[in-house]
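Listed below are the residues making up each chain.
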Amino acid sequence: MRIFISILLAYLLWYFLFRIEFLNFWIRLLISTSILLSIALMNLKIKIFKPKPKFILIGTLSGIFFYFCLYLGFLAFKPLVYEGAKSVYNLSKELHPNLISAILIFTSTSEEMFWRGYIQGKLNLKYNCYKSLGLTSILYSTIHISSINLPLVFIALVMGLMWGLLYNWSNSLLSVILSHIIWTELVFVVFPLA
């Protein structure tokens, strides 16, 4: 029941993020992901750990690899996805790139703690790893429907699958967090697509 309420709250937060005109997008994103992070921390037993070089390397390389896959997909389907990408990049005009970069580090960490660490981790205990991966990826994707941006929903599905696979394979939340951070920094700050 607790996980169901957490997922429902995530949908409401993303509706607030994309549909409610309050302050600006980046402030709404910080509010929404802060709440998700709080939920994850209340429901996870987070251990203090020493980052292992293996997990840092896996996270770094996968983030770069996922960016290049996205870039190739963007080039292949540019006529279909350009307007959706452009609408996302228009949000970047609201703040300085350094501030956006810092926000992306926080939001990537928060999303992975919630979606992979909490939701997929709990579903892994109830279902086999493939079913929990599929459910988590679909949920992660469909919360983006309120953006009314089909390419964004599709990318969320693909990336949810990739980060979910990485989480199951590496058994490391650190790898997934680093992968997500590097991917978003490349997509939004370093080498934007549109």
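What counts and what doesn't
- Residues numbered from 1 in each chain as written.
- Predicted model: local features only at pLDDT ≥ 70, side-chain atom pairs only at ≥ 80, totals over all residues.
- Heavy atoms only, no water.
- Helix = DSSP H or I, 4+ residues; strand = E, 2+ residues; numbered from the N terminus.
- Rg over C-alpha atoms; globule rule 2.2 N^0.38 Å.
- Buried < 20%, exposed > 50% of the residue type's maximum accessible area, 1.4 Å probe, protein only.
- Contact = heavy atoms within 4.5 Å.
- Lys, Arg positive; Asp, Glu negative; His and termini not counted.
- Charge placed at Lys NZ, Arg CZ, Asp CG, Glu CD.
- Axes fitted to C-alpha atoms, helices over the stretch in contact; angles between N-to-C directions.
- Left-handed = near helix turned anticlockwise from the far one by under 90°.
- Core = buried A, V, L, I, M, F, W, Y, C linked by side-chain atoms within 4.5 Å.
- Salt bridge = Lys/Arg side-chain N within 4 Å of Asp/Glu carboxyl O.
- pLDDT = per-residue confidence, 0-100.
- Phe/Tyr/Trp six-rings, centres within 6.5 Å; stacked < 30°, edge-to-face > 60°.

A look at the overall build of the protein
And step 1. A tally of helices and strands in the protein yields 8 helices and 0 strands.
And step 2. When the helices and strands of the protein are listed from N to C terminus, the series reads α-α-α-α-α-α-α-α.
And step 3. A globule of 194 residues ought to have a C-alpha radius of gyration of about 16 Å, and the protein, at 16 Å, matches this closely.
And step 4. Across its three principal directions, the C-alpha atoms of the protein cover 40 × 35 × 30 Å.
And step 5. A buried classification covers 46% of the 194 residues belonging to the protein.
And step 6. Long-range pairs, those at least 24 residues apart, make up 75% of the contacts in the protein with a sequence separation of at least 6.
And step 7. Looking at the protein, you have 15 positive and 6 negative side-chain charges, and the mean spots of the two groups are 15 Å apart.

A short note on the packing of helix 5 (residues 97-126) against helix 8 (residues 173-190)
Pairs of packed helices are described in terms of their axes, by the angle between the two and the distance that separates them.
And step 1. Where helix 5 contacts helix 8, the axes come no closer than 9 Å and their chain directions differ by 145°. Crossing handedness for the pair helix 5 and helix 8: right-handed. Residues Pro97, Ile100, Ser101, Leu104, Ile105, Ser108, Thr109, Glu111, Glu112, Met113, Arg116 and Gly117 of helix 5 pack against Leu173, Val176, Ile177, His180, Ile181, Thr184, Glu185, Phe188 and Val189 of helix 8.

Some remarks on the nonpolar core
And step 1. Ranked by internal contacts, the top residues of the largest apolar core, which has 49 residues, are Phe114, Trp115 and Trp183.
And step 2. Looking at this core, the elements that each hand over two or more residues are helix 1 (2-19), helix 2 (25-43), helix 3 (53-76), helix 4 (78-90), helix 5, helix 6 (129-142), helix 7 (150-170) and helix 8.
And step 3. Residues contacting phenylalanine 114, with those up to four places away along its chain left out, are Ser6, Ile7, Ala10, Leu36, Ile39, Ala40 and Ile119.

Here we look at the side chain of serine 92
And step 1. Assignment of secondary structure puts serine 92 in the loop between helix 4 and helix 5.
And step 2. Exposure remark for serine 92: the relative accessible area of 18% places this residue in the buried category.
And step 3. Apart from residues no more than four positions distant in its own chain, serine 92 is found in contact with Trp26, Ile100 and Phe188.

Topic: the pattern of salt bridges
And step 1. Summed over all chains, the structure comprises 1 salt bridge.
And step 2. Across the pair glutamate 112 and arginine 116 runs a salt bridge whose closest N-O atoms are separated by 2.7 Å. Of the two residues, glutamate 112 and arginine 116 are both situated in helix 5; the distance of 4 residues between them amounts to about one turn of the helix.
And step 3. We classify arginine 116 as buried; its relative accessible area is 0%.

Some words on the confidence of the model for the protein
And step 1. Per-residue pLDDT for the protein has a mean of 93; in total, 97% of the residues score no lower than 70.
And step 2. The secondary structure element of the protein with the lowest average pLDDT is helix 4, at 90, and the one with the highest is helix 6, at 96.

What to know about the packing of aromatic side chains
Pairs of aromatic rings are described using the distance from one ring centre to the other and the angle between the two planes.
And step 1. Enumeration according to the criterion identifies 12 aromatic pairs in this entry.
And step 2. Ring geometry for tyrosine 67 against phenylalanine 191: centres 6.3 Å apart, planes inclined by 40°, an arrangement best described as tilted. With tyrosine 67 in helix 3 and phenylalanine 191 in the segment after helix 8, this pair connects stretches of sequence that are 124 residues apart.
And step 3. Phenylalanine 191 sits in the partly exposed class, given a relative accessible area of 48%.

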